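# Overview (structure and organization)
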Amino acid sequence: MSKVATMKDAVADLVRDGDTVAIEGFTHLICFAAGHEIIRQKKRDLTLCRMTPDVIYDQMIGAGVAKKLVFSWLGNPGVGSLHAIRRRVENADPAPLEIEEYSHFGMVCRYVAGASNLPFFPIRSYYESDIPKVNPRIVPITSPYDGTEVYVVPPLNPDVAIVHAQRADVNGNAQIWGLLGCQKEAAFAAKRVVVVCEEVVDESVVRADPNRTVIPGLIVDAVVEEPFGCHPSYAQGYYDRDNRFYMDWEARSKDPEPLAAWLKEWVFGLESHRDYVEKMGAEHWDSLRPGEAPSGQVNYGEYA
Amino acid sequence: VTGGAGGNGESGAGGNGLGWSKSEMMIVASARQLAGGGVCFVGIGLPNIVCNLAKRTVAPQLDLVYESGVFGASPKRLPLSIGDPTLVSGSTAVCSMFELFAFYLQAGLVDVGFLGAAQIDRFGNINTTVIGDYAKPKVRLPGSGGACEIAINAKRVFVIMRQGRRSFVEKLDFRTSPGHSGDPERDRRRGWWGSGPTVVVTDLAEYRFDEATGEMTLARLHPGVSPDEVRENMAWEPKVAADLAETPPPTDEELRLIREELDPQGVRS
């Protein structure tokens, strides 16, 4: 049965007030379209999880959807700060924001533990760092085998994971290439999964290249086709990262007023991501289109 | 060319009359540390320029690893972020972040990790988390990212940062990534790869770490920089190497690569 839904319906049905939500994707395939729909539907009291909150969580937290942030690197990559989040952390402006902080490897392994039904995951990190002092959920234990001290992190099982893929079939079998981040781990760890994709393709396209399937339809609740749904993040082979947007975000989020104005114009003022794409204009999308670099083909073999 | 290393407004602005900026000297001196090649874990910002300069000069065989999950990157443009699509196209391998941190870094395949810092102390401990109190920070910085893991699991750690009294501090506000403890014998028994940074390169000078005490030691002054200028830009009285030398100046080719190929938009300043 087809799981294809509109973003509006997928978010309305699967993201609930108070949920723990992970919109993952490391620089690549960050689903801004889903974040904008969550803002538009005025979801509240979310616990937002991401390794790198990025501009998407600055927008969402600036719009007031979250009460808590779980993360490992809080910045605008290559540019600077996420000011809406900083205002809440530094000055409780306009409200406090609870934070729970890990390192990158710690965050990844929280999803791995969550996806593997494990009570914790051990890593060789955090030795003599102050991070465990401010996050008591990071705990040292002694190996029962060789007495080595390792730190363990707890599982992370989001209520909802939203992952963007280049393509998926109507059952939610999703294929990704380029940076893989920890979307697979986050999706398997989550109770509900929304796959957003640049294009819905026939099942035969997926079956012709099964090694590229990162998320099986088995764990997917809804499939949303949303071209350019990652902008200003990117989809490898479809459109480039809009670095200019990331650089301009510095001035937009530095003060509450321009941020509110941006949200009004580009999120609340629009019905859907289709409107956003249209408003951005064809010329802009043309400027982000990469050249061609197709992969070679492999022969899976016919074994009838 | 835009001169100037005054990113934090502490170490004086740019023009030193020498034909290159302090940032350019810092980048060149850092890149030369990578001579000989190996596997290098690349960070965001300046390390990105440094590693790509090294690959075009002293270390063509350098394998660039990015925490976003790329091994053997061969970027055609300078990536603004460490997750840029140019890192993927033409690379040797792309893997999940779990594999990158577990199989490559934690298992000991990374020879050199590059770290930046908002604050560093005399033993190379690093703060990238907060200025002020953690619960109510004056400035909330990005936090660890992969830095804590790199400090612990890379075989060697190089630090690149601008120097000033607010960044070279007596006491860190927060220790994000561990350095030397001050007792090298104890550090050798800690049982992890990283035993504190081996080199710190700033816009003024280059430091190594004393084998007996684990303390940062002034090893080279960049051209045009006096010992007093170095002292004015740190919160403690530095140890000075007996063979204190001057950093060889940037070559024309190094400057051309930075200005024309690697950073035409002036990210470095």
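Thresholds applied
Residues numbered from 1 in each chain as written. Chains lettered and ligands numbered in written order. Predicted model: local features only at pLDDT ≥ 70, side-chain atom pairs only at ≥ 80, totals over all residues. Heavy atoms only, no water. Helix = DSSP H or I, 4+ residues; strand = E, 2+ residues; numbered from the N terminus. pLDDT = per-residue confidence, 0-100. Contact = heavy atoms within 4.5 Å. Pairing = 2+ DSSP bridges. Axes fitted to C-alpha atoms, helices over the stretch in contact; angles between N-to-C directions. Buried area = accessible area lost by both parts, 1.4 Å probe. Salt bridge = Lys/Arg side-chain N within 4 Å of Asp/Glu carboxyl O. Core = buried A, V, L, I, M, F, W, Y, C linked by side-chain atoms within 4.5 Å. Buried < 20%, exposed > 50% of the residue type's maximum accessible area, 1.4 Å probe, protein only. Parallel < 35°, antiparallel > 145°, perpendicular 65-115°, else oblique. Nonpolar A, V, L, I, M, F, W, Y, C, P; charged D, E, K, R; others polar. Phe/Tyr/Trp six-rings, centres within 6.5 Å; stacked < 30°, edge-to-face > 60°. Lys NZ or Arg CZ within 6 Å of the ring centre and 35° of its normal.

### Quick word on unusual backbone geometry
Residue and element names in this part refer to chain A. Residue Pro94 follows Asp93 across a cis peptide bond; omega there is 0°. With respect to the helices and strands, the residue Pro94 is situated in the loop between α4 (83–91) and β4 (98–101). The backbone phi angle of Leu29 is positive, close to 55°, even though this residue is not glycine. Despite not being glycine, Phe228 has its phi angle at roughly 60°, a positive value.

### Observations regarding the confidence of the model for chain B
All names here are of chain B. Per-residue confidence for chain B gives a mean pLDDT of 90; residues scoring 70 or more make up 94%. Across residues 1–14, where pLDDT falls below 50, the model places 39 contacts with residues more than four positions away in sequence or in other chains. The ipTM value of the predicted complex is 0.96, and its pTM value is 0.95.

### Regarding the pairing of strand β9 (residues 137–140) of chain B
In this sheet, β9(B) lies alongside strand β8 (residues 130–132) of chain B in antiparallel orientation, the contact comprising three bridges. Each bridged residue has a counterpart across the sheet, and for Val130(B) the counterpart in β9(B) is Arg140(B).

### Examining the sheet that holds strand β14 (residues 239–246) of chain B
Residues and elements named next belong to chain B. Taken in spatial order, the 10 strands line up as β4-β3-β2-β1-β5-β10-β11-β12-β13-β14 in an open sheet, and their pairing is mixed. Both outer strands of the open sheet, β4 (93–94) and β14, are each paired with one neighbouring strand and no more. Alignment of strand β12 (residues 205–209) against strand β13 (residues 216–221), held across five bridges, turns out to be antiparallel. Across the sheet, the residue bridging to Ala205 is Leu221, located in β13. On top of the sheet, helix α2 (residues 46–56) reaches β1 (39–42), β2 (63–66), β5 (112–115) and β10 (156–160); it is set at about 160° to β2, its chief contact. Here helix α3 (residues 97–106) sits on the sheet and contacts β1, β2, β3 (70–71) and β4; the angle it forms with β1, its principal contact strand, is near 140°.

### Observations regarding the sheet that holds strand β6 (residues 139–142) of chain A
Residues and elements named next belong to chain A. Read across the sheet, three strands follow the order β5-β7-β6 without closing on themselves; strand pairing throughout is antiparallel. Unpaired on one side and paired on the other, β5 (121–123) and β6 mark the two borders of the sheet. Sheet twist, expressed as the mean angle between neighbouring strand axes with direction ignored, is 45°. In terms of strand pairing, β5 meets strand β7 (residues 149–153) through three bridges, oriented antiparallel. Bridged to Phe121 within β7 is Val153. Docked against the sheet, helix α5 (residues 104–115) engages β5 and β7, running at close to 155° with respect to β5.

### Observations concerning the interface of chain A and chain B
With 46 residues of chain A in contact, the opposing surface of chain B contributes 45 residues. Counting each side, the surface lost to burial between chain A and chain B is near 3900 Å², with a carbon and sulfur contribution of 61%. Our count for the contact surface shared by chain A and chain B stands at four salt bridges. Between Glu128(A) and Arg190(B) there is a salt bridge; the shortest N-O distance is 2.7 Å. The set of elements that each furnish at least two residues to the side of chain A that touches chain B consists of α4, β4, α5, β5, α6 (131–134) and α9 (243–254) of chain A. Per-element accounting of the side of chain A that touches chain B gives the leading share, six residues, to α5(A).

### A look at the nonpolar core
Membership of the largest hydrophobic core comes to 176 residues, with the highest contact counts inside it found for Leu48(A), Ile162(A) and Leu34(B). With residues near it in sequence (within four places) discarded, Ile162(A) still touches Val15(A), Ala22(A), Ile23(A), Glu24(A), Cys31(A), Ala34(A), Ile38(A), Val194(A) and Val196(A).

### Side note on the side chain of Ser91(B)
All names here are of chain B. Position of Ser91 relative to the elements: it lies in the loop between β3 and β4. You can call Ser91 buried: its relative accessible area is 19%. Contact partners of Ser91, with chain neighbours within four places excluded, come to Val70, Phe71, Gly72 and Ala73.

### A closer look at the packing of α4(A) against α9(A)
All names here are of chain A. Remark: α4 packs on α9, axes separated minimally by 8 Å, with the N-to-C direction vectors making an angle of 40°. By the angle between their directions, the pair α4 and α9 is classed as oblique. Along the contact surface, α4 presents His83, Ala84 and Arg87, while α9 presents Glu250, Ser253 and Lys254. Tallied by class, residues from the contact of α4 with α9 come to one nonpolar, two polar and three charged.

### Quick notes on the packing of aromatic side chains
Residue and element names in this part refer to chain A. Counted by the stated rule, this structure contains 21 aromatic pairs over all chains. Arranged with centres 5.1 Å apart and planes meeting at 45°, the rings of Phe228 and Tyr239 form a pair that is tilted. Placement of the pair is Phe228 in the loop between β12 (222–225) and α9 and Tyr239 in the loop between β12 and α9, with a sequence separation of 11 residues. The ring centre of Tyr57 lies 5.9 Å from the NZ or CZ of Arg50, which sits over that ring. The cationic tip of Lys279 hangs over the ring face of Trp266; the distance from NZ or CZ to the ring centre is 4.7 Å.

### What to know about the environment of Thr92(B)
Residues and elements named next belong to chain B. Inspection of the secondary structure assignment puts Thr92 in the loop between β3 and β4. Each C-alpha atom of the pair Thr92 and Val112 lies 19 Å from the other, and the pair is 20 residues apart in sequence. With residues up to four places along the chain from it excluded, the contact list for Thr92 reads Phe71 and Gly72.

### Structural notes on the environment of Val157(B)
Residue and element names in this part refer to chain B. Positionally, Val157 belongs in strand β10. On a C-alpha basis, the gap between Val157 and Leu115 in space is 7.2 Å, while along the polypeptide they are 42 residues apart. Residues contacting Val157, with those up to four places away along its chain left out, are Gly113, Leu115, Ile150, Ala151, Pro197, Thr198 and Val199.

### Side note on the pairing of strand β8 (residues 160–168) of chain A
Residues and elements named next belong to chain A. Of all nine residues in β8, nine are buried; the element is thus mostly enclosed. Where strand β1 (residues 20–23) meets β8, three bridges bridge the pair, whose relative direction is parallel. Across the sheet, residue Val21 finds its bridge partner in β8, namely Val160. Both β8 and strand β10 (residues 192–200) contribute to a ladder of eight bridges, which runs parallel. Bridge assignment links Ala161 to a residue of β10, and that residue is Val193. Here two bridges tie β8 to strand β9 (residues 174–175), and the two strands are oriented antiparallel to one another. Looking at β9, one finds that Ala168 is bridged to Ala174. The antiparallel hairpin formed by β8 and β9 contains five residues in its connecting segment, where Gly172 sits at a positive phi of about 95°.

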